[in-house]
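Analysis of the macromolecular model
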Amino acid sequence: MTRNHGEGAITCVGNSRPKINYNNIYENDFAIQARSTIYIDARNNWWGKSPPDESMIIGDLETNVNIKPWLEAREERAYSGKQEKAEK
């Protein structure tokens with residue numbers, strides 16, 4: 001999830017309880033926005049650097065957005081679209 005502008009890569013609202021794991025999330029206006037008190041499981045992602053830039057995450061990192069542990073490098077198995085383009 002890269003180069004998303006405006007609200008950024010991920011915006012969670014309402015009663016969603018997303019699990020966002022093993023992704024590459026970087027070069028966005030924001031990485032994640034939590035628009036309620038929902039719990040977001042965002043562990044084991046690559047945020048573009050280690051440790052992640054916490055200013056890119058809107059939500060309470062102590063109570064409703066869990067980013068720990070994070071990946072120390074890019075997740076090579078994450079979807080990038082490169083394989084699909086190569087097959088065409």
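Summary of the structure given here.

About the thresholds
Residues numbered from 1 in each chain as written. Predicted model: local features only at pLDDT ≥ 70, side-chain atom pairs only at ≥ 80, totals over all residues. Heavy atoms only, no water. Helix = DSSP H or I, 4+ residues; strand = E, 2+ residues; numbered from the N terminus. Buried < 20%, exposed > 50% of the residue type's maximum accessible area, 1.4 Å probe, protein only. Contact = heavy atoms within 4.5 Å. Salt bridge = Lys/Arg side-chain N within 4 Å of Asp/Glu carboxyl O. Pairing = 2+ DSSP bridges.

As for the environment of serine 16
You can see serine 16 is positioned in the loop between strand S1 (10–12) and strand S2 (32–34). On the accessibility criterion, serine 16 (28% relative accessible area) is partly exposed. For the pair serine 16 and tyrosine 39, spaced 23 residues apart in sequence, the C-alpha separation works out to 8.2 Å.

What to know about the environment of phenylalanine 30
Position of phenylalanine 30 relative to the elements: it lies in the loop between S1 and S2. Once the C-alpha coordinates of phenylalanine 30 and arginine 3 are considered, the two residues, 27 residues apart in sequence, prove to be 9.5 Å apart. Beyond its immediate stretch of four places on either side in the chain, phenylalanine 30 contacts Gly6, Glu7, Gly8, Ala9, Ser55, Met56 and Ile58.

Points about the pattern of salt bridges
Summed over the entire model, instances satisfying the criterion amount to four salt bridges. Taking the shortest distance from any N to any O, the salt bridge between arginine 3 and glutamate 27 comes out at 3.3 Å. Of the two residues, arginine 3 is situated in the segment before S1 and glutamate 27 in the loop between S1 and S2; the sequence distance between them amounts to 24 residues. Where arginine 35 meets glutamate 7, a salt bridge forms, and the shortest distance between an N and an O atom there is 3.8 Å. Residue arginine 35 is located in the loop between S2 and strand S3 (40–41), and its partner glutamate 7 is located in the segment before S1; the two are separated by 28 residues in the primary sequence.

Quick look at the sheet that holds S1
The parallel open sheet is built from three strands, whose spatial order is S1-S2-S4. Each edge of the open sheet carries a strand with a single partner, namely S1 and strand S4 (57–58). Taken together, the two bridges between S2 and S4 define a ladder with parallel strand orientation. Looking at the pairing, glutamine 33 lines up with isoleucine 58 of S4.

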